[in-house]
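Notes for the structure review
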Amino acid sequence: MLHPPLRLLPLLAALYMSACSDHNDASTVVDQQVAQAMSWLQADGNRIADELGRTVLLRGFNHIGLRSDRNHPPYRDEEGRTNPAAELFELQDIEDSDFAAIAGMGLNSLRLVVTWEFAQPDPPPAPYNEAYFRLIDNFIAKAKAHGLYVIFDFGQFGWGRAAGGNAGAPAWTISDTCASLPGPTGSAPPQASASVSCNYFNFWQNDENNGAGLQDHYVNLWRFVAQRYRDEPAIAMYDLLNEPFGGPIPPGVFELQFMFPFYQRLSAAIREIDPRHAIAFQPELLHAIGVPTPVAAPIGIDNAIYIPHEYTASYFIQRVNPAYTPLQDPITQLYLNIANTEAQIFSTPWMIGETGWTRSTEADGVGGPIPAIDEQAPRDFARDFTRAADAFQIGWQWFAYSSIDEAYGINFGGELDDPLIRELARPFPRAVGGELIAFSFAPETGIYQQQWRNNPGGMHEIALPMAWHYPDGICITVDDAAPQYLAIDGSSKTVTYAFEPTRQTLIYSGSGLNLRIHPGLCD
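Residues numbered from 1 in each chain as written. Predicted model: local features only at pLDDT ≥ 70, side-chain atom pairs only at ≥ 80, totals over all residues. Heavy atoms only, no water.

**A short note on the confidence of the model for the protein**
Quick reminder of the rule: Each residue carries a pLDDT value, the predictor's own confidence for that position, ranging from 0 to 100. Contacts are residue-level and defined by heavy atoms, with any inter-residue pair within 4.5 Å sufficient.
Put simply, the protein has an average pLDDT of 90, and 92% of its residues get 70 or more. Confidence over residues 4-36 falls short of pLDDT 50; this stretch has 47 contacts with residues more than four positions distant or in other chains.

**A look at the environment of S491**
Stated formally: Secondary structure elements follow DSSP: runs of H or I of four or more residues count as helices, runs of E of two or more count as strands, with numbering from the N terminus.
One can find S491 in the loop between strand 22 (484-486) and strand 23 (497-500). For the pair S491 and P501, spaced ten residues apart in the sequence, the C-alpha separation amounts to 9.6 Å.

**Concerning the pattern of salt bridges**
Selection rule: By definition here, a salt bridge exists when the distance from a side-chain nitrogen of Lys or Arg to a carboxyl oxygen of Asp or Glu is within 4 Å. The classification of residues rests on relative accessible area computed with a 1.4 Å probe and restricted to protein chains. Under 20% of the type maximum is buried, over 50% is exposed, and intermediate values are partly exposed.
All chains considered together, the criterion is met by 29 salt bridges. The shortest N-O distance in the salt bridge between R54 and D50 comes to 2.8 Å. Of the two residues, R54 and D50, neither departs from the other in class, the shared state being buried. The shortest N-O distance in the salt bridge between D137 and R228 comes to 2.7 Å. Linking D137 in helix 6 (residues 130-145) with R228 in helix 9 (residues 214-229), this pair joins segments that are 91 residues apart in sequence. One continuous salt-bridge network, built from bridges that share partners, spans D50, R54, R430, E461, E500 and R503.

**Overview of unusual backbone geometry**
The amide bond that connects P124 to the next residue, P125, takes the cis arrangement and shows omega of 15 degrees. With an omega of 10 degrees, the peptide bond between F399 and A400 qualifies as cis. Note on placement: A400 falls in strand 14 (residues 396-401). Despite not being glycine, W159 shows a phi value in the positive range, around 70 degrees. Tracing the backbone through its elements, the reader meets W159 in the loop between strand 6 (149-154) and helix 7 (176-180). Judged by its relative accessible area of 5%, W159 is buried. For Q393, which is not glycine, the phi dihedral falls at a positive 60 degrees.

**Remarks on the sheet that holds strand 4 (residues 59-63)**
Rule in force here: When DSSP finds two or more bridges between two strands, those strands count as paired. Angles run from 0 to 180 degrees between N-to-C directions of axes, and those axes are lines fitted to C-alpha atoms, restricted for helices to the stretch in contact.
Spatially, the nine strands line up as an open sheet ordered 11-10-9-6-5-4-14-13-12, and their pairing is parallel. Here the strands that pair on one side only, and so sit at the sheet edges, are strand 11 (304-306) and strand 12 (309-310). Strands in contact with helix 10 (residues 253-271) are strand 9 (235-239) and strand 10 (278-281); relative to strand 10, the strand with the most contacts, it is inclined by about 160 degrees. Helix-sheet contacts for helix 13 (residues 377-392) involve strand 4, strand 12, strand 13 (352-355) and strand 14, and the interaxial angle to strand 14 is about 160 degrees.

**Topic: helix 12 (residues 328-346)**
The test is simple: Multiplying 1.5 Å by the residue count of a helix minus one yields the expected span of that helix. The reported arc concerns the directions from the helix axis to the C-beta atoms and nothing else.
Taking 1.5 Å per residue, 19 residues should reach 27 Å; helix 12 reaches 27 Å between its end C-alpha atoms and fits that length. Of all the residues in helix 12, the buried ones are Q328, D329, T332, Y335, L336, A339, E342, A343 and F346. Each buried residue of helix 12 lies within a common arc of 145 degrees when the element is viewed along its axis, so the set occupies one face. Away from its buried face by more than 90 degrees, helix 12 exposes L334 and Q344. In the stretch just after helix 12, S347 is the one whose phi turns positive, near 65 degrees.

See below:
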């Protein structure tokens, strides 16, 4: 449940009332384009493209309302009864108002983090958890209704809760040997424990468990997902495996002999059922803290997108002191440079699948040695990260959309973290009908600039979160054409411009090379 600051409520109410009213404007070309169904997305060279051939950037949140974690009870109680959904999940964060608010920030996507534990709580031949998948169906339907793409991800961190991790695999995947080993202790990451490492090793060896290999069970789960959602264009991509960890397998050996071959095998299984959805893949876990991939080569998967996570070594520093320092900015830019180079080697587009900064030394179910909170830290990181991401022209998914996670969530102290959202809800090119050259946004002045090479008849979409940055409307100038004013409520349309309040998106159907937007009336 989003708690917007009171000063924004009148603006948001005006936007939604305007969106529900009838417009009899002559700019029917724009209206028809906006009304069309969500387009299938695919990897096209080094970019993500829609069915119109436009370059698409996906920006939004990691949504953790349907995942398992240490803050929630197990799937079943001690009597074997299923715990209520309201206790298992953050259902208050998947209301219609949440999706409307996210779209109202100008964002266009959500990385839906679900877990194997709930999808398959019982070993085969027991069926998959239909009640859980109905919750997922409902999430996707709501996202789609608000124009938000979904990145489908089976999240895990530390193998699973039954192994002492924070989220992931069900208890039945844990062998007796792994269960007998020491588990996570203190503030150390769960991956450092012998028990968790043992489970990962068993997975990569495809050890037999309940009549089949562990990998086989996971592949079959993805087959089920592919069959269920094969015709759903609102799903942007399938994210194969979250932050894969090799356990005792050495880096380099792990990628070449285990991780990449598994990605290829899993993708082939999905492709037998679903040939259209893009496949997203991640590097090994340590990459998220700044360790480059030791080996990279063309991934050998069609329609694939590289989505590394960006936390860098600050992930560990934050467990002692969450404060943000200016030294992090060059580290972030170095990381993005590394990921960009890797994507070129993989021959895929790329975006950041997860990034964020904790306010607290207690995060991911792991407490720090000294309790500390710095509410300004994620805001400062968001300011620098979003500027760097603009320079690289990439999409990202911020961690996390949660009203109860005081460490990473967008609410703090029971209220929406307004300064943080102002950094994340920023203008960017959602879809460009041509070749995107560069774009930038200066929060201190509100000036947004974009350069591109236009395709004839191209239809462009630019996220413009008016309620957060342009309460008095905007003035648009393209090349040397006369400036045009657009109001916040979307009432001032022209043949080539329109503002869609529900998605906080500018629709531009004209030609040009250079676009500039500044707040308020045109001079």
